[in-house]
Amino acid sequence: EVQLQASGGGLVQAGGSLRLSCAASGISFDDYAIAWFRQAPGEERKVVSCISSGDGGPKYYPDSVQGRFIISSDNAKNRVYLQMNSVKSEDTAVYYCAAQKSPWCVRGDIMYAYWGQGTQVTVSS
């Protein structure tokens, strides 16, 4: 059974840092694309990062987080991390991790078969 669990959210000051973690079971990171999505109230769910084929695989970041967020994986521990640096108020959202069996990163949420529970990130000014 495939299970994903996101954790690490909380309250953080603007300009600060936070690290989210996604624990996975039932999948191999060598065969799956793992993505982080976020959704703010009244907004559509949007991808914020993706990694495929483990930590050495290709990564994707949209312009909104480029240079601030870093995705990484620890294949031995079956965990994917999202390091959030220089956070802004617009980063406030519920963050989800998702997985899809694919050798490449895909960016649309409809393409992902497995989802974890969200973790709330709130950035205060």
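First things first, this report covers the structure right here in the doc.

Cut-offs applied
- Residues numbered from 1 in each chain as written.
- Predicted model: local features only at pLDDT ≥ 70, side-chain atom pairs only at ≥ 80, totals over all residues.
- Heavy atoms only, no water.
- Buried < 20%, exposed > 50% of the residue type's maximum accessible area, 1.4 Å probe, protein only.
- Helix = DSSP H or I, 4+ residues; strand = E, 2+ residues; numbered from the N terminus.
- Pairing = 2+ DSSP bridges.
- Core = buried A, V, L, I, M, F, W, Y, C linked by side-chain atoms within 4.5 Å.
- Disulfide = S-S within 2.5 Å.
- Salt bridge = Lys/Arg side-chain N within 4 Å of Asp/Glu carboxyl O.

### Details of the pairing of strand S5 (residues 46–52)
Most of S5 sits inside the fold, with 6 of its 7 residues counted as buried. Inspection of the sheet shows strand S4 (residues 32–39) paired to S5 by 6 bridges, in the antiparallel sense. Pairing of isoleucine 34 across the sheet is with isoleucine 51, part of S5. From the end of S4 to the start of S5, which pair antiparallel, there are 6 residues, and glycine 42 there has a positive phi angle of about 75 degrees. Inspection of the sheet shows S5 paired to strand S6 (residues 59–60) by 2 bridges, in the antiparallel sense. Bridge pairing links isoleucine 51 to lysine 59 in S6.

### As for the nonpolar core
One finds Trp36, Leu82 and Tyr95 to be the most contacted residues of the largest nonpolar core, which totals 28 residues. Listed by contribution, the elements that provide at least two residues to this core are strand S1 (3–7), strand S3 (18–25), S4, S5, strand S7 (69–74), strand S8 (79–84), strand S9 (93–101) and strand S11 (119–124). Judged by nonpolar contacts, the second largest core, of 8 residues, contains Phe37, Val47, Tyr60 and Ala98.

### Focus: the state of the cysteines
Linking two cysteines covalently via their sulfur atoms produces the bond known as a disulfide. Applying the stated rule across the entire model yields 2 disulfides. Paired through a disulfide, cysteine 22 and cysteine 97 show a sulfur-sulfur distance of 2.2 Å. The chirality of the disulfide connecting cysteine 22 with cysteine 97 is right-handed, given an S-S dihedral of about 70 degrees. Residue cysteine 22 is found in strand S3, and its partner cysteine 97 is found in strand S9; the two are separated by 75 residues along the sequence. Cysteine 22 gets classed as buried once you look at its relative accessible area, which sits at 1%. There is a disulfide in this structure between cysteine 50 and cysteine 105, and the S-S distance comes to 2.4 Å. Sign of the S-S torsion, about -100 degrees for the bond between cysteine 50 and cysteine 105, identifies this disulfide as left-handed. In this pair, cysteine 50 is assigned in strand S5 and cysteine 105 in the loop between S9 and strand S10 (114–115), connecting sequence segments 55 residues apart. Residue cysteine 50 is classed as buried on the basis of its relative accessible area of 0%. With cysteine numbering restricted to those in disulfides and following the sequence, the chain has the pairing 1-3, 2-4.

### Some words on the pairing of S8
Looking at chain direction, S3 and S8 are connected through 6 bridges and run antiparallel. Across the sheet, residue leucine 18 finds its bridge partner in S8, namely methionine 84. Alignment of S7 against S8, held across 6 bridges, turns out to be antiparallel. Of the residues in S8, the one forming a bridge with serine 73 is valine 80. Hairpin connection of S7 to S8: 4 residues between the antiparallel strands, including asparagine 78 at a positive phi of 50 degrees.

### Considerations on the pattern of salt bridges
Summed over all chains, the structure comprises 2 salt bridges. Across the salt bridge formed by arginine 68 and aspartate 91, the nearest N and O atoms sit 2.8 Å from each other. With arginine 68 in the loop between S6 and S7 and aspartate 91 in the loop between S8 and S9, this residue pair connects regions lying 23 residues apart in the sequence. Given a relative accessible area of 9%, arginine 68 falls into the buried group. Aspartate 91 gets classed as buried once you look at its relative accessible area, which sits at 0%. Counted as one network, the salt bridges with shared partners bring together Arg38, Arg68 and Asp91.

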